[in-house]
Amino acid sequence: MRNTEFDVERARLDTPGCKNVLHFNNAGASLMPRQVLAAVIEHLELEAEIGGYEAADQARNAVDHVYDSIARLIGAQTDEIAIAESATRAWDMAFYAIPFAPGDRILTSVAEYGSNYIAFLHTALRRGAIIEVIPNDEHGQTSIEALRGLIDERTRLIAVTHVPTNGGLVNPAEEIGEVAEDAGVLYLLDGCQSVGQMPVDVSRIKCDMLTGTGRKYIRGPRGTGFLYVRRAILETLDPPFLDNHAATWAARDCFHIRPDARRFESWETNCAAKIGLGIAVEYALSWGVESIWSRVSMLAVLLREQLAEMADVTVRDLGSKKCGIVTFTIDAHEPSTTKESLSEKGMNVSVSTMNSTRLDMEDRGLKSVVRASIHYYNTKEEINRFCNAIDVIVSS
Ligand SMILES: *Cc1c(COP(=O)(O)O)cnc(C)c1O
């Protein structure tokens, strides 16, 4: 019922970009709602008018409130949230804070994000940690049985991606959390593509750390990301960098690290973007994450079904539960040329390449895929128009 009640017209009126483009690149960067844009511009103008520090003083409550909003979105506490300039930096701050010893094992998913995997490789080189990839089950998602079998006393971390950058797959984050809890192993979840499009609750998932980005499904400004760290493990993590926001210089030879998650932040920050992120989160909460999720999944099913019916088009999404990211290839057409053809018609998609998810792409013998990522402000009419455009490309 929720789908029919969703006020798409209002969502589109709030989204200036809808007038210009058919935007199926929400997994790249969503179109911002006008409310977010206004908040960012307003703060930049204030900085120009009265000074950057003075504007920050005036906006102190608004900035503090951003942490409350993010905490509410993911079922966390305010002091468990840190804000960063990207999800990758947020993830790095948590990952590089784990004191790995030689022989410590990191278990990760086939669909792991490239930047995360590079950090694993880096840590394997620097600290002698061992990377092990949890195989997928018959649905193409992380196998819980295989994960259980891989756990031993040297397992230091389970670090997996909830929704990969290159497909509709939704990994079983809660089931992974059960295993992590039973084994007493740290659990770091990359929620970049899931937060904002589906309910993500850290207490249900039981992850110790979670990262998200602002510009994707949350519809915030670029250059924003966040980190959640469970309060109970905060003190056990040693931030890779400290400055005089993350710590206080208490005496000539003494400093104290902040007790909250902001120990992972740096002093300097883009206040306007941070405020915009908070407004974007509040905006998402005003729609309700459950109703966003039911509309996104309903639209993605429609798009997937229409594409699957076309000759020469292969839908590439894995997993028993799928989300708003729809990936496909067209026989004898390079994904990059498909993207260009669509762009000429005012239709935005991305191409997902080997570099983002090498393990998964190699396993499936794919070099790249077209990624059409849907959000709740997209419409059935746009899906039809998009599929007609694909039809023209197929027969060209
Ligand atoms: C986009 C993405 C990231 C990186 O987010 P940034 O904010 O660009 O650092 C990490 N993981 C996944 C799965 C992503 O899709």
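Residues numbered from 1 in each chain as written. Predicted model: local features only at pLDDT ≥ 70, side-chain atom pairs only at ≥ 80, totals over all residues. Heavy atoms only, no water.

Moving on to the pairing of strand β8 (residues 225–229). Here is the key point about a regular strand: its side chains alternate between the two faces of the sheet. Burial runs high along β8: five of the five residues are buried. The alternating pattern of β8 places Gly225, Leu227 and Val229 and Phe226 and Tyr228 on opposite faces, both of which are buried. Sheet analysis places strand β2 (residues 81–84) next to β8, joined by four bridges and oriented antiparallel. Opposite Ala84, over in β8, you have Gly225 as the bridge partner. Judged from the five bridges that link them, strand β7 (residues 209–213) and β8 form a sheet pairing that is antiparallel. Bridge pairing links Leu210 to Tyr228 in β8. (Buried < 20%, exposed > 50% of the residue type's maximum accessible area, 1.4 Å probe, protein only. Helix = DSSP H or I, 4+ residues; strand = E, 2+ residues; numbered from the N terminus. Pairing = 2+ DSSP bridges.)

Overall, the coordinates contain 24 salt bridges when judged by the stated rule. Note that Arg204 and Glu174 form a salt bridge whose closest N and O atoms lie 3.3 Å from each other. A residue pair is termed long-range when its members are at least 10 positions apart, and Arg204 in helix α10 (residues 202–205) and Glu174 in helix α9 (residues 173–183) qualify at 30 residues. Overall, the relative accessible area of 53% leaves Arg204 in the exposed class. Residue Arg263 pairs with Glu235 through a salt bridge whose shortest N-O separation is 3.8 Å. Here Arg263, found in the loop between β10 (254–257) and α12 (271–287), pairs with Glu235, found in the loop between α11 (231–234) and β9 (247–251); they are 28 residues apart in sequence, far enough to count as distant. Members of the salt-bridge network, linked through shared partners, are Asp7, Arg10, Asp14 and Arg34. (Salt bridge = Lys/Arg side-chain N within 4 Å of Asp/Glu carboxyl O.)

On to the sheet that holds β7, then. Spatial strand order, β2-β8-β7-β6-β5-β3-β4: seven strands in an open sheet with mixed pairing. Two strands lie at the open edges of the sheet, namely β2 and β4 (130–134), each paired on one side alone. Neighbouring strand axes in the sheet, compared pairwise and without regard to direction, differ in orientation by 20 degrees on average. Where strand β3 (residues 105–109) and β4 come together, five bridges link them in parallel fashion. When the bridges of β4 are listed, Ser109 appears paired with Ile134. The sheet strands contacting helix α5 (residues 60–74) are β2, β7 and β8, and the helix crosses β2 at an angle near 115 degrees. Taken strand by strand, α9 contacts β5 (155–161) and β6 (186–190), and its axis lies near 165 degrees from that of β6. (Axes fitted to C-alpha atoms, helices over the stretch in contact; angles between N-to-C directions. Contact = heavy atoms within 4.5 Å.)

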